[in-house]
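Below are the chains, spelled out letter by letter.
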Amino acid sequence: MKPGYKAIYQQYRQSIVSGLLKPGDKVPSVRVLASELGVARKTVETAWAILVGEGYLVSQGARGTRVNPDLQLNAAPTLDCSPAPVDELSPLAEVMRNQSGLLHPGIPALDAFPYKKWLLLGGKAVRSMSAGEMINPPLLGYTPLREAIAHYLNISRGLSCTAEQIFITSGYSFNLRLILNALTTANDKVLFEDPGYFFGAQALKRAANNLHFVPVDEHGLNVDYLQQYHSDARLLFVTPSHHSPLAVTLSLPRKHQLLAWAAQNNSWIVEDDYDGEFHYTRKVLPALKSLDSDDRVIYMGTFSKTVMPALRLSYIVMPRATLAAFRETAHISESGQPVLTQKIVAAFLSEGHFYKHLKKMRPLYSQRRHYVLRALEQVYPGIFSVEVSDGGMHIVAFLHTSTQDVAIAMIWQQHQLEVSPLSRWYNSTHKRYGLVIGYTNVRTQEEALSLLARPARETRALLKQQSEFTAGY
Ligand SMILES: Cc1ncc(COP(=O)(O)O)c(C=O)c1O
């Protein structure tokens, strides 16, 4: 008799658990195994999808499927998996980079961008390029843009900084490298949130030798844990306004506790305020940096969420005591950002279009989030739960009973819905499971319903299979 997916699943699971197949071992491709067993490819695919979802296998695209190299059978769960190993960047990372599909977290509403205004400002910026501006760009940024950003941060994010403290950069990975180069030495302890920004964790695993993770709960980063285990850290990366990905806000007492820790230990806090502009119920949520009386916070902002990711323009606010270190690093290893882009953005800010745009986007995003929340309830009743936060550009739909978020995300991705599985944002074994869903480009309620309905049948089938398995054990 031909084996069904259950038998294939059980046999491979048993081989892995018993050690017959070891972490990193390759398993046959779907095509090869299906032809060897004389079964349909779908049968093997289903068994593989479950094993991938449960973390026994990892799929590496063209390089095949392997037993998860990080698999630790019978290992006691631990919160602090440190120092962190360098993962191989999975094909999933590639999928998470693919921003062409819908529901991808963190892409601003492309249909609502003021293109006409942008075109006008672009033309003006090109025409006004002086000879001086055509030579090398200023290392720390185009002065009018640095001034406009300082002004914006002081008014809208509650900071108290000057243009001299603004360093114009080209995005997260640039910032990360710059900060590590300027402020740390090789073995300094660096901390990151768990769960935390997927690409941030991947980049730091490569760049920082002494990296550790601090858990996040419903009040944001667990500062007690940090103080208990890692009070000697030199640098901490944190997303206080709107945690990435859990969307919670760091509570005010914890903000004060964190700042006091940094001041006491001469540590640096990097505040990643990637989408702090988008709060829907409060008028403004002041940044952590606005409470930073000891000047221990390096503030990072980006135009990827407020204008467009392809701009590749971001900035950091350097504490005064670090100005010399950042300047020195910039002189050695940087060459500045394109002046033309900076001129356009400077005009966008100083002529008020940026503020107007943000003001329009807040109610729009709030409305679009509502569409997706309603559609989730209607299409997937009892499957997901969402803890709605005050703002941001994505929601986390937690799976009630399943741990199959990787397999479900893959199904959704096959329907061009670029959601991301929550468990992949964790470093420790204490994971929660769900989907990280961007809603900013969903234009109507009907659209939300029809998008979410695309993978509904397969999602339910997968969950049903899983509950049958669980019941069978
Ligand atoms: C948590 C977090 N920080 C920062 C960024 C901004 O990165 P960049 O400025 O490189 O676009 C993102 C973008 O997705 C993000 O999700």
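Residues numbered from 1 in each chain as written. Predicted model: local features only at pLDDT ≥ 70, side-chain atom pairs only at ≥ 80, totals over all residues. Heavy atoms only, no water.

Enquirer: Please explain the packing of aromatic side chains as it appears in this structure.
Expert: For any pair of aromatic rings, the description rests on two quantities: the centre-to-centre distance and the angle between the ring planes. Tallied over the entire structure, the rule returns 23 aromatic pairs. Arranged with centres 5.4 Å apart and planes meeting at 85°, the rings of Trp-118 and Phe-348 form a pair that is edge-to-face. Pair noted here: Trp-118 is in helix H5 (residues 115–127) and Phe-348 is in helix H12 (residues 339–350), with a separation of 230 residues, a long-range link. A relative accessible area of 14% places Trp-118 in the buried class. A ring pair is formed by Phe-303 and Phe-354, whose centres lie 5.8 Å apart and whose planes are at 75°; its orientation type is edge-to-face. Taken as a pair, Phe-303 in the loop between strand E10 (297–302) and strand E11 (314–317) and Phe-354 in helix H13 (residues 353–379) lie far apart in primary sequence, 51 residues in all. Residue Phe-303 is classed as buried on the basis of its relative accessible area of 2%. A residue is classified by how much of its surface remains accessible, and Phe-354, at 1% relative accessible area, is buried. Put simply, the rings of Phe-113, Tyr-115, Trp-118, Tyr-152, Phe-303, Tyr-315, Phe-348, Phe-354 and Tyr-355 touch in pairs and so form one group of aromatic residues. (Phe/Tyr/Trp six-rings, centres within 6.5 Å; stacked < 30°, edge-to-face > 60°. Helix = DSSP H or I, 4+ residues; strand = E, 2+ residues; numbered from the N terminus. Buried < 20%, exposed > 50% of the residue type's maximum accessible area, 1.4 Å probe, protein only.)

Enquirer: Looking at this structure, I do not really get empty space enclosed by the protein. What am I missing?
Expert: If a probe as big as a water molecule is rolled over the atoms, it shows which places are left empty. With the rule as written, the count across this model stands at 2 cavities of 30 Å³ or more. When residues of the lining of the largest cavity are traced back to their parent elements, those giving at least two are strand E5 (189–194) and strand E8 (235–238). Residue composition of the lining of the largest cavity, by class: 5 nonpolar, 1 polar and 2 charged. Considered as a void within the structure, the second largest cavity measures approximately 30 Å³ in volume. (1 Å grid on protein atoms, 1.4 Å probe; cavity = no way out; pocket = protein on both sides within 12 Å on 5 of 7 lines; lining within 4 Å. Points joined across faces, edges and corners; volume = space filled by probe spheres on them. Nonpolar A, V, L, I, M, F, W, Y, C, P; charged D, E, K, R; others polar.)

Enquirer: Whenever I open this one, the packing of helix H6 (residues 143–156) against H12 confuses me. Can you help?
Expert: Two quantities define a packed helix pair, namely the angle between the axes and the distance from one axis to the other. Closest axis-to-axis distance for the H6/H12 pair is 9 Å, and the angle between their directions is 35°. When you trace H6 past H12, the crossing you get is left-handed. Between H6, through Pro-144, Leu-145, Ala-148, Ile-149 and Tyr-152, and H12, the contact on the second element is made entirely by Gln-342, Val-345, Ala-346 and Leu-349. Its residues assigned to classes, the contact of H6 with H12 comprises 8 nonpolar, 1 polar and no charged. (Axes fitted to C-alpha atoms, helices over the stretch in contact; angles between N-to-C directions. Left-handed = near helix turned anticlockwise from the far one by under 90°. Contact = heavy atoms within 4.5 Å.)

Enquirer: Please clarify how the pattern of salt bridges should be interpreted in this entry.
Expert: Proximity of charged atoms lets side chains of opposite charge pair with each other. With the rule as written, the count across this model stands at 14 salt bridges. The partner of Asp-111 in a salt bridge is Arg-368, with the nearest N and O atoms 2.8 Å apart. Linking Asp-111 in the loop between helix H4 (91–97) and H5 with Arg-368 in helix H13, this pair joins segments that are 257 residues apart in sequence. A salt bridge links Asp-292 to Lys-289; its shortest N-O distance comes to 3.0 Å. (Salt bridge = Lys/Arg side-chain N within 4 Å of Asp/Glu carboxyl O.)

Enquirer: Is there a simple way to explain the site of the ligand in this structure?
Expert: Close to the ligand lie Gly-171, Tyr-172, Tyr-197, Ser-244, Asp-272, Tyr-274, Thr-302, Ser-304, Lys-305 and Arg-312, which account for all nearby residues. At 2.6 Å from a nitrogen atom of the ligand is found a side-chain nitrogen or oxygen belonging to Asp-272. Starting from 390 Å² of accessible surface for the ligand in isolation, the protein chains cover 86%. Split into classes, the residues belonging to the shell around the ligand amount to 3 nonpolar, 4 polar and 3 charged. (Near = heavy atom within 4 Å. Polar contact = N/O pair within 3.5 Å; in protein donor to acceptor, adjacent residues only side chain to side chain. Areas by Shrake-Rupley, 256 points an atom, 1.4 Å probe, with all protein chains shown as cover.)

Enquirer: What exactly am I supposed to notice about the side chain of His-357 here?
Expert: With respect to the element layout, His-357 can be found in helix H13. Residue His-357 is classed as buried on the basis of its relative accessible area of 5%. When neighbours within four sequence positions are excluded, His-357 is seen to be in contact with Ala-112, Phe-113, Pro-114, Thr-306 and Phe-348.

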